[in-house]
Amino acid sequence: MRPLSIRFVAPAMSSARPDRHFRSTSFRLSAGFAGLLTIAFIAASAGIWWATKAAAEREIRERVALEMSALQREIRSEGLPAAIEAIRSRSESPGSLEYRLADASGRLLAGDQDLKAPSGWSTVDVVGRDEKPGGPENFIAFTARTNDGGELTIADDLDRAERVRVAVLGALAWVAGASLMLVLLLGVLLTRRTARRIQALSDTLDKAGRGDLAARAPEAGQDEIASIGRGVNDALARIAALV
């Protein structure tokens, strides 16, 4: 009976290639997941931007309308002097609304002279504010006539709502960046672990190819690599029994 000649050719696992981890399937999957996560964050950010814009404008309009109703009642019940005092008092509060009260001739009675807006709802730019040197501030304004023929304008700073939106999106961007870095880091760790297991399997085949039929591949785990290792070990055991 002729002796059985066995030769295994193990796949080359050269460690000289510095980019082999980045070319692996595990890393490519991680990069793909990171790309999908980026797209999801971009889509979510766009949705949040438009949703918060509409919500901010709606909240401003509701606040201004309530204040307009309250001041008009005060003018009708207590007269212009009480309304003027109320406007001056409220204007001193942090984060207050903006006011402009003028009589029938257009003379300013209280509030901001620069806050001029047409009748009804409008968006106006006011130049010369401390918060935005060199540029106008955007306001949503509501202007209505008083019972004596005067004009009352109440407005709220739309840029303040914009700054809140930018801060929210900035925080979301930081969360997105941290999540992407975490996904890529996990991808690299997973790739290195997978590469070590494949290298161990390759070493086993290399030893068997040199005649060491007692070599065995690691079998720990329930994934595909562990299944291949068990298959290789079964094949080596059968071949050793034949020899």
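Residues numbered from 1 in each chain as written. Predicted model: local features only at pLDDT ≥ 70, side-chain atom pairs only at ≥ 80, totals over all residues. Heavy atoms only, no water.

1. Here's the deal with the overall build of the chain
Here's step 1: What the chain contains, in helices and strands, is four helices and five strands.
Here's step 2: Counted from the first residue to the last, the chain has its helices and strands arranged as α-α-β-β-β-β-β-α-α.
Here's step 3: Put simply, the chain has 243 residues, and 33% of those count as buried.
Here's step 4: If you take every contact in the chain between residues at least 6 apart in sequence, the share linking residues at least 24 apart comes to 53%.
Here's step 5: Element-wise, carbon and sulfur atoms account for 60% of the exposed surface of the chain, whose accessible area totals about 15,000 Å². (Helix = DSSP H or I, 4+ residues; strand = E, 2+ residues; numbered from the N terminus. Buried < 20%, exposed > 50% of the residue type's maximum accessible area, 1.4 Å probe, protein only. Contact = heavy atoms within 4.5 Å. Areas by Shrake-Rupley, 256 points an atom, 1.4 Å probe, with all protein chains shown as cover.)

2. What to know about the packing of aromatic side chains
Here's step 1: With the rule as written, the count across this model stands at one aromatic pair.
Here's step 2: The residue whose ring lies beneath Arg-61 is Trp-121, and the NZ or CZ to ring-centre distance is 4.9 Å. (Phe/Tyr/Trp six-rings, centres within 6.5 Å; stacked < 30°, edge-to-face > 60°. Lys NZ or Arg CZ within 6 Å of the ring centre and 35° of its normal.)

3. As for helix 2 (residues 80-91)
Note on helix geometry: an α-helix contains 3.6 residues per turn, so any two residues three or four positions apart are oriented the same way.
Here's step 1: Spanning 12 residues, helix 2 covers 16 Å between terminal C-alpha atoms, matching the ideal 16 Å at 1.5 Å per step.
Here's step 2: Looking only at helix 2, the buried set comprises Ala-82, Ala-83, Ile-84, Ala-86 and Ile-87. (Expected span 1.5 Å × (residues − 1).)

4. Quick look at the confidence of the model for the chain
Here's step 1: A residue-level look at the chain finds 84% of positions with pLDDT of 70 or above and a mean pLDDT of 79.
Here's step 2: Overall, residues 1-6 carries pLDDT values under 50, and its contacts beyond four positions in sequence, including any with other chains, amount to five contacts.
Here's step 3: When the criterion is pLDDT under 50, residues 8-16 qualifies, and its contacts beyond four places in sequence or with other chains add up to 18 contacts. (pLDDT = per-residue confidence, 0-100.)

5. Quick word on the nonpolar core
Here's step 1: Ranked by size, the top nonpolar core spans 21 residues in total, and within it Ile-60, Leu-71, Ile-87, Tyr-99, Leu-101, Leu-152 and Ile-154 carry the most contacts.
Here's step 2: Looking at this core, the elements with two or more residues in it are helix 1 (25-78), helix 2, strand 1 (98-102), strand 2 (108-111), strand 4 (137-145), strand 5 (151-157) and helix 3 (158-209).
Here's step 3: Per-element tally for this core: the top contributor is helix 1, with six residues.
Here's step 4: Ranked by size, the runner-up nonpolar core spans eight residues in total, among them Leu-201, Leu-213, Ala-217 and Val-232. (Core = buried A, V, L, I, M, F, W, Y, C linked by side-chain atoms within 4.5 Å.)

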